[in-house]
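Single-letter residue listing:
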Amino acid sequence: MPQLSLFSADARPAGVRDLAGLLCGPGQIARFGAGDQARLSIVLADPARVRAVTAACAATGIDVEPVTTESGATALRTAFRCDLVGLAREWTAGAVKAVPAGWQVDGAALRLWALAAGRPDERGGYLLMLDPQASHTHQPLVAALTRAGLPPARVARSTALRISGTRRVGRLVELVGPVPTGVPDEQWPRYWGRRVC
């Protein structure tokens, strides 16, 4: 039986701060009024993942609901909540999304990032989509992944980071844990054709 990493998704119960994984991708967080409430939202590239992302958010104690954007895309969003204010403070500079200085990505946040905005690249690697509207977050996220032992490559002509190579993909599989319910096996990170069970 493989040893559980201290940084893997299963190493501790999920919490609100793990929702930072959604903010690594195209997620947004905004404070409301006097700043004592905040709302988290994310547009999903794959509408089939609504149920799985909703369940993952519920595990942190935060409920999301599906909505259709003006452009017809599928999004998830929370109500304005007091318990999201801390996350909003950490992940914004003024009104702009920003990666906290020295932020450490762990398995729980990485699992949410992969769940909401990840996909295989058909070449044995795995892509983690970035926020095309927040290019200033891309380099800090490269640094965070590198600190976690997952140095990524930037994908040309795409707003994504690619994790590739036997050792790195193995580390990714270790960190994100087993395939979430409702996600096809082929869409989750793989290591030598096998997955964490």
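Criteria and thresholds
- Residues numbered from 1 in each chain as written.
- Predicted model: local features only at pLDDT ≥ 70, side-chain atom pairs only at ≥ 80, totals over all residues.
- Heavy atoms only, no water.
- Pairing = 2+ DSSP bridges.
- Helix = DSSP H or I, 4+ residues; strand = E, 2+ residues; numbered from the N terminus.
- Contact = heavy atoms within 4.5 Å.
- Axes fitted to C-alpha atoms, helices over the stretch in contact; angles between N-to-C directions.
- Buried < 20%, exposed > 50% of the residue type's maximum accessible area, 1.4 Å probe, protein only.

## Some details on the sheet that holds strand E10 (residues 160-163)
Thought 1: Across the sheet, which stays open at both edges, the four strands sit in the order E7-E8-E10-E9 with antiparallel pairing between neighbours. Unpaired on one side and paired on the other, strand E7 (118-120) and strand E9 (153-154) mark the two borders of the sheet.
Thought 2: Sheet topology note: the strand E8 (residues 126-129)/E10 ladder contains four bridges and is antiparallel. In the strand pairing of E10, leucine 127 is matched with arginine 162.
Thought 3: Helix-sheet contacts for helix H4 (residues 107-117) involve E7, E8 and E10, and the interaxial angle to E8 is about 90 degrees.
Thought 4: Sheet strands in contact with helix H5 (residues 138-147) are E8, E9 and E10, and its direction is about 20 degrees off that of E10.

## Describing the pairing of E10
Thought 1: The alternating pattern of E10 places Ala160 and Arg162 and Leu161 and Ile163 on opposite faces, both of which are buried.
Thought 2: Following E9, the chain reverses through five residues before pairing antiparallel with E10; arginine 157 in that reversal takes a positive phi of roughly 60 degrees.

## Some remarks on the pairing of E8
Thought 1: Of the strand pairs in this sheet, E7 and E8 are connected by three bridges, and their pairing is antiparallel. Each bridged residue has a counterpart across the sheet, and for proline 120 the counterpart in E8 is tyrosine 126.

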